[in-house]
Amino acid sequence: MLPGKVVAFKLLTADFRDLNCIHNMTQKNQQVRLRLGRNAWLALTILAVALCGTTAQPILAKPRSAEITNATVQRDLVYKRVNGTVLTLDLYCPEKVSGPLPVIVWIHGGGWNRGRKEQCPAVRIVDEEYAVASIDYRLTEVAPFPAQIEDCKAAVRWLRANAAKYNLDPNRIGVWGFSTGGHLAALLGTSGGVPELEGGGDNLNVSSRVQAVCVVSGPGDLLQLYRDATGPSGAEMNPKVKPALEALIGGPVEESKTRAMAASPISYISKDDPPFLIIQGENDPTVPVGLTQSFFAALKAAGVDATLNIAPGRGHGVGGPKFDPVIKAFFDKHLRKTQGSDSNGR
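Residues numbered from 1 in each chain as written. Predicted model: local features only at pLDDT ≥ 70, side-chain atom pairs only at ≥ 80, totals over all residues. Heavy atoms only, no water.

Peer 1: Could you give an account of the layout of surface pockets, with specific residues and numbers?
Peer 2: Counted as a void, the largest pocket has a volume near 370 Å³. Lining the largest pocket are 19 residues, and of these G111, R114, S179, K240 and T286 sit closest to its centre. With three residues, the single largest contributor to the lining of the largest pocket is helix α5 (residues 241-249). Along the lines of polarity and charge, the residues of the lining of the largest pocket split into eight nonpolar, nine polar and two charged. (1 Å grid on protein atoms, 1.4 Å probe; cavity = no way out; pocket = protein on both sides within 12 Å on 5 of 7 lines; lining within 4 Å. Points joined across faces, edges and corners; volume = space filled by probe spheres on them. Helix = DSSP H or I, 4+ residues; strand = E, 2+ residues; numbered from the N terminus. Nonpolar A, V, L, I, M, F, W, Y, C, P; charged D, E, K, R; others polar.)

Following this line, the structure appears as structure tokens:
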């Protein structure tokens, strides 16, 4: 087993915050809405009947976000319980398989404060004989860092511990994330063996290491991200970045630089890190391309197998099916070959 990485950061926590609000409706308003609703429904019904003879296209049908064929999904598998919160994942698998499947963990973005596991573009490659596990994790309105990475690591440990039950290969687990999900994917990749980020819970005897990392528009250095967002004069270049970072680390960045670095993937880079594929938009206003190039350079300087793909003219929303062949080729290269690790992914 590889020795744990030495970490000099002291990680802090903050109180939970409840941002839910409830809006009441009077009985009179309810009656008015019911009458309007009945009238609207009658009008829609008449319109639908009139159009049936003139078009064969379904009027109200909405396309699925991703096409999956010959695949099964097991939803809401519980991988962790913490402080009254139940965390789940959705597991997508091909119907016909010849052996244990390599696994790709999808981590959604959303500024660490929104998003959900049902938004999973990674399902597009399920048909290619991969299992995809799309995970939820605690958002910053529930708990600050390190809760998010602790949850991601717990999900990897759970998948590895339950590999035989779900026909998964515990030695071939990759991770793929977009934006803040890309940040957590990168942190999973560089912090293997860092006990301070493991958290508590079950399966602590199982490794949370991953064997391949795909980062799309994800920041590798949060302190530099803050500096880039605020600009040299302190004027905000991107007003969304500062509040998201402060919610993640539990306070103002100026007063919490140590915590910002503790949450940064660049802080943990070492030569034993898994291969990285980084996809970045050239004109990304949220994660500047120079920030990504610096992170990539740090990986290469440490001897990590890393590839940087900069998309000309693209912004923060870079990605989509166009990049699926590149991403699939990356995972094929690193998750389909014979791994030299044990059943704990070491």
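Having seen the structure, we can now continue with the description.
Peer 1: An account of the nonpolar core is needed here, citing residue identities and associated values.
Peer 2: In summary, soluble globular proteins display a tendency toward joint burial of nonpolar side chains. Counting residues in hydrophobic clusters, the biggest one holds 66 residues, and the most contacted among them are Y79, L89, L91, I107, L159 and F276. Of the residues forming this core, the biggest block, seven residues, is contributed by helix α2 (residues 147-161). Among all residues touching L159, those that are not within four sequence positions of it are L89, L91, V103, V105, A133 and L168. Counting 23 residues, the second-largest nonpolar core is a separate cluster that includes I104, A122, V318 and F330. (Core = buried A, V, L, I, M, F, W, Y, C linked by side-chain atoms within 4.5 Å. Buried < 20%, exposed > 50% of the residue type's maximum accessible area, 1.4 Å probe, protein only. Contact = heavy atoms within 4.5 Å.)

Peer 1: Pulling in residues and values, what's your account of the sheet that holds strand β4 (residues 131-135)?
Peer 2: Ordered in space as β1-β2-β4-β3-β5-β6-β7-β8, the eight strands form an open sheet in which the pairing is mixed. Both edges of this open sheet fall to β1 (71-82) and β8 (306-311), since each of them pairs with a single strand only. Averaged over all pairs of adjacent strands, the angle between their axes in this sheet comes to 20°, without regard to strand direction. One ladder, built from nine bridges, connects β1 with strand β2 (residues 85-94); its direction is antiparallel. (Pairing = 2+ DSSP bridges. Axes fitted to C-alpha atoms, helices over the stretch in contact; angles between N-to-C directions.)

Peer 1: I'd love a proper account of the pairing of strand β3 (residues 101-107), names of residues and values included.
Peer 2: Judged by how many residues are buried, β3 sits mostly within the fold: seven of seven residues are covered. Where β3 lies against strand β5 (residues 168-178), six bridges are found, and the strand directions are parallel. Bridging from a neighbouring strand, W106 pairs with W176 of β5. Relative to β4, β3 is paired through five bridges, and the arrangement is parallel. The partner of W106 across the bridge, within β4, is S134.

Peer 1: Help me get a handle on the packing of helix α4 (residues 222-230) against α5, residues and values and all.
Peer 2: The N-to-C vectors of α4 and α5 enclose an angle of 150°; their axes lie 9 Å apart at closest approach. It follows that α4 is roughly antiparallel to α5 by the angle criterion. Relative to α5, α4 is oriented so that their crossing is left-handed. On α5, the residues that touch L222, L225, Y226 and A229 of α4 are V241, K242, L245 and L248. Residue composition of the contact of α4 with α5, grouped by class: seven nonpolar, no polar and one charged. (Parallel < 35°, antiparallel > 145°, perpendicular 65-115°, else oblique. Left-handed = near helix turned anticlockwise from the far one by under 90°.)

Peer 1: Now, about unusual backbone geometry: what can you tell me, with residues and values included?
Peer 2: Trans is the common state for peptide bonds, and a negative phi is the common state for residues other than glycine. Note that the residue after F145, namely P146, is joined by a cis bond; omega there is 15°. Inspection of the secondary structure assignment puts P146 in the loop between β4 and α2. Positive phi is not limited to glycine here, since N83 has a value of about 50°. Structurally, N83 is set in the loop between β1 and β2. One non-glycine residue, W112, lies in positive phi territory at about 65°. Position of W112 relative to the elements: it lies in the loop between β3 and β4.

Peer 1: Tell me about α4, and name the residues and values.
Peer 2: Listing the buried residues of α4 in full gives L222, L223, L225, Y226, A229 and T230. Down the axis of α4, the buried side of the element spans an arc of 160°, and every buried residue falls inside it. (Arc of directions from axis to C-beta.)

Peer 1: Could you give me a rundown of the pairing of β8, with the residues and numbers involved?
Peer 2: The pairing of strand β7 (residues 276-281) with β8 spans six bridges and is classified as parallel. From the neighbouring strand, I278 faces β8, where its bridge partner is L308. Since β7 and β8 lie parallel, the crossover through helix α7 (residues 289-301) that links them has a hand, and here it is right-handed. (Right-handed = clockwise from strand over helix to strand, strands pointing away.)

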